[in-house]
Amino acid sequence: MGQRSGARVHIRVRNELMAAITRVLTTSETMRRPAGADMVMQDLTAELGPRTAIDPRQDGPPALWIRQLVKSCAAVDEGLQTLARCFGYAEQGSESSLALWRLVDEWEAVAFFEDAELHPLRPALQSIRSASFLTRLARRASHSRTQELETWCDTGWEVFLHLAGDNAAADELPPAMAFLALVAEYLVKDGRTKEAEELRRWNRGQAQQRGLTDEMANWQQDAYDPPSEPALHPAYLLIQLEPDGVDLDSYYLSHWRQSDSDGWHPMPGETLKLQRTELPAAVDRLIEQAEERWADLRQPVIIEYILPWELLDEPVEWWNKELDAPIPTPLVMDYTVVLRSFDRLRKGAWHRPWNNRWRQLKDRPADSRSHWSTPEGSPFHLERELKEDEQIVCLVLSESPRTDSATAHQEFVAALRAGIPALLWDRSGSGLPFREAAADIVREGGLAGLLERTRRWRNAALALGPEGWNAHVGRHLALLLDDPERLPGPAAPAGGQGSP
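Calculation notes
Residue positions within a chain follow its written sequence, with the count starting from 1. Side-chain atom pairs in this predicted model are given and counted only at pLDDT of 80 or more, local residue features only at pLDDT of at least 70, and totals for whole chains, interfaces and linings cover all residues. Side-chain figures throughout are based on the complete set of non-hydrogen atoms in the structure, without hydrogens or water. Throughout, nonpolar core names a set of buried Ala, Val, Leu, Ile, Met, Phe, Trp, Tyr and Cys residues whose side chains join them through atoms within 4.5 Å. Throughout, exposure labels follow a simple rule: accessible area from a 1.4 Å probe, protein chains only, divided by the maximum for the residue type, with under 20% read as buried, over 50% as exposed, and the rest as partly exposed. Strands are runs of DSSP state E lasting at least two residues, helices are runs of H or I lasting at least four, and both sets are numbered from the N terminus onward. Residues are treated as being in contact if the distance between any of their heavy atoms lies within 4.5 Å. The aromatic pairing rule takes the rings of Phe, Tyr and Trp, using the six-membered ring of Trp, and pairs them if the centres are within 6.5 Å, calling planes under 30 degrees apart stacked, those over 60 edge-to-face and the rest tilted. Remark: a charge is flagged as sitting over a ring if the NZ atom of Lys or the CZ atom of Arg is within 6 Å of the ring centre and within 35 degrees of the ring normal. Every axis in this analysis is a line fitted to C-alpha atoms, fitted for helices over the stretch in contact. Angles between the N-to-C directions lie between 0 and 180 degrees. Oblique is the label for every angle not falling under 35 degrees (roughly parallel), over 145 degrees (roughly antiparallel), or within 65 to 115 degrees (roughly perpendicular). Crossing handedness: left-handed means the near helix sits turned counterclockwise from the far one by under a right angle, and right-handed means the same turn made clockwise. Side-chain classes follow a simple rule in which Ala, Val, Leu, Ile, Met, Phe, Trp, Tyr, Cys and Pro form the nonpolar group, Asp, Glu, Lys and Arg form the charged group, and the remainder, Gly included, forms the polar group. When two cysteine sulfur atoms lie within 2.5 Å, the pair is treated as a disulfide. A strand pair is defined by DSSP finding two or more bridges across the two strands. The span you would expect from a helix comes to 1.5 Å times its residue count less one. Whenever Lys or Arg places a side-chain nitrogen within 4 Å of a carboxyl oxygen from Asp or Glu, that contact is recorded as a salt bridge.

K.L.:
For the nonpolar core, give the residues involved together with the corresponding values.
P.N.:
Counting 71 residues, the largest nonpolar core has L25, L80, L118, L125, F160 and F179 as the members making the most contacts within it. Counting residues per element, this core draws most heavily on helix α10 (residues 175–189), at ten residues. Beyond its immediate sequence surroundings of up to four residues, L125 is in contact with T155, G156, W157, F160, F179, L180, V183 and L199. Core analysis: the next-biggest nonpolar cluster, separate from the first, contains 51 residues, L237, Y251, L397 and A478 among them.

Have a look at this one:
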């Protein structure tokens, strides 16, 4: 009798969720307009393919055919996720799209926990709203498989529902249950012992039903104390510009966000194909979106541009953020900005010496030194000198990389072949002022010194304001600092023109 009653409750909850999903779609302007509904239906049919037969006809009141659409998608594996994704194509970031994703996550959680009642967990979980804290708990609960939270996961309740759809290894506690255990630990430390015990009681019941009592005990023995002061390892926004190869004025813009203090787990974003003139505005949008995701982040942020040869002379460090503001802000005012080489990243044959020089720079900074290239020198002998002295980790170029300069290109290639991780140059050809600045920047071999002193010279230029900074050498300094231990990972598929 109890099992039949539980099954009826389960069916009722699923019907209520389908009704809620129907309401979200029915009240959407996209689905109420034939053109918008047709577009969503076409995307949905294309993605689901032969797995289901969805009737694209929109006869009768919207609530009726949309209800039938929801039921058809619910009967297909990952059908509702596909519906939410296709609806999101039309209404990117809208409240309706976020509400739909929350309901789809709840649908998955109800399916995962079967006859269990979830809503008693909701009040305690909804009270936790710190994005950075929830992200740390989600990472811990998922063994770092979840690196960032989706935009609709703004309380512990949404995070719990979202994690319920994640898989776990055979000997692991499911991420949603691990997350509840971590939240219970936090509630105890916050003096909310009654709420903590309710979460633990629910978790223990699930562990018993699923035969996971040993996994639960092992998890509880592995004491976890969420740090009140997170480690201040920098967060990184990696921005890669890859030449199109056919259209010389087009580039593929890819990006990755990395804010995990426990390891290097860069999260790829959308890849866009853009004209060169569109790149500054696209980077501005990327930074704004990253800042929105990182609203609670306490770490400093470093921006790294991965650039091909032909863009190294572009002053990307001084591109602006908030371009639509009356007074835009140069990136160097808010961030440490460094360059990386796209050509070296793609040339695997150059990676062994690159790794060796990086270890020299990182592990033995006191024994590391810089080398100055001279314009009259031979690129062959420059490469020979660099390779003979394994303590050289930084090269000061004799001139700025330019596509029409054979000398500059040969110097640059010699440095990459030798594995030199740090390159410094002057985009303005200022002569003596640059030599003085470079001598200050490279006077010690440590990483922190290179970054800090470069930023100090840029700040000196910023202090002169837009009226005077072009006359200061700090406005024209370029630092390439290539870390082979921080590779960006695969880029997301190109999504075409649009907002990243």
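Structure shown, so let's carry the discussion forward.
K.L.:
I'd like to hear about the packing of aromatic side chains, residue by residue, with values.
P.N.:
Geometrically, a pair of aromatic rings is defined through the distance of the ring centres and the angle of the planes. Counting across every chain of the model gives eleven aromatic pairs. Ring geometry for F112 versus F113: centroids 4.9 Å apart, planes at 90°, classification edge-to-face. What makes F112 partly exposed here is its relative accessible area of 26%. Overall, F113 belongs to the buried group, its relative accessible area being 3%. Within the aromatic cluster, the residues linked to one another by ring pairs are F112, F113, W157, F160 and W202. Positioned above the aromatic ring of W107 is the side chain of R14, whose terminal nitrogen or guanidinium carbon lies 3.8 Å from the ring centre. The positively charged end of K347 is found above the aromatic ring belonging to W350, 5.8 Å away from the centroid.

K.L.:
Describe unusual backbone geometry, and please don't skip the residues or the numbers.
P.N.:
A positive phi angle is found at E78, which is not glycine, with a value near 60°. With respect to the secondary-structure elements, E78 resides in the loop between α4 (62–74) and α5 (79–90). On the basis of relative accessibility, which here comes to 48%, the residue E78 falls in the partly exposed class. Notably, E322 is not glycine yet its phi reads approximately 55°, a positive angle. By the secondary structure assignment, E322 is in the loop between β6 (320–321) and β7 (329–330).

K.L.:
Could you give an account of the packing of helix α8 (residues 131–141) against helix α9 (residues 156–163), with specific residues and numbers?
P.N.:
Closest axis-to-axis distance for the α8/α9 pair is 11 Å, and the angle between their directions is 25°. Here α8 is positioned roughly parallel relative to α9, judged by the angle of their axes. Remark: the crossing between α8 and α9 carries right-handed chirality. Contacts between α8 and α9 involve L134, A138 and A141 from the first element and G156, V159 and L163 from the second. Its residues assigned to classes, the contact of α8 with α9 shows five nonpolar, one polar and no charged.

K.L.:
Break down the state of the cysteines for me, with residues and values.
P.N.:
Per the counting criterion, the structure on display carries zero disulfides. Looking at the unpaired C73, the closest cysteine sulfur is the one in C86, lying at 8.5 Å. Given the relative accessible area of 0%, C73 is considered buried.

K.L.:
Tell me about the packing of helix α6 (residues 95–113) against α9, and name the residues and values.
P.N.:
Put simply, α6 and α9 touch, their axes get as near as 7 Å, and they point 55° apart. Considering their axes alone, α6 and α9 lie oblique with respect to each other. For the element pair α6 and α9, the recorded crossing hand is left-handed. On the side of α6, the interface is formed by R102, D105, E106, A109 and F113, while α9 contributes W157, E158, F160, L161 and H162. Looking at side-chain class alone, the contact of α6 with α9 contains five nonpolar, one polar and four charged residues.

K.L.:
Describe the environment of D214, with residues and values.
P.N.:
Along the chain, the position of D214 falls in helix α12 (residues 213–221). Sequence-wise, D214 and K321 are 107 residues apart; in three dimensions their C-alpha atoms are separated by 51 Å.

K.L.:
Can you lay out the pairing of strand β1 (residues 235–243) for me, pointing to particular residues and giving the numbers?
P.N.:
Within β1, seven of the nine residues are buried, which leaves the element mostly enclosed by the surrounding structure. Judged from the six bridges that link them, β1 and strand β5 (residues 301–307) form a sheet pairing that is parallel. When the sheet's bridge partners are listed, A235 is paired in β5 with V301. Looking at chain direction, β1 and strand β2 (residues 250–258) are connected through eight bridges and run antiparallel. Considered in β2, the bridge of L238 is made with W256. Here β1 folds back onto β2 in antiparallel fashion, the turn holding six residues, of which G245 has a positive phi close to 95°.

K.L.:
Which residues make up α6, and what are the values?
P.N.:
Under the 1.5 Å per step criterion, the end-to-end length of α6 is 27 Å for 19 residues, consistent within 8% with the ideal 27 Å. Residues of α6 that are buried: S97, L98, L100, W101, L103, V104, D105, E106, W107, A109, V110 and F113. Looking one or two places after α6, you find E114, whose phi comes out positive at around 50°.

K.L.:
For the pattern of salt bridges, give the residues involved together with the corresponding values.
P.N.:
When the charged atoms of two side chains with opposite charge come close together, those side chains can pair. Considering all chains together, one arrives at 28 salt bridges under this definition. Measuring nitrogen to oxygen at the nearest pair gives 3.1 Å for the salt bridge that ties R12 to E16. Residue R12 and its partner E16 are located together in helix α1 (residues 2–26), separated by four residues, close to a single helical turn. On the basis of relative accessible area, R12 is assigned to the partly exposed category, the value being 41%.

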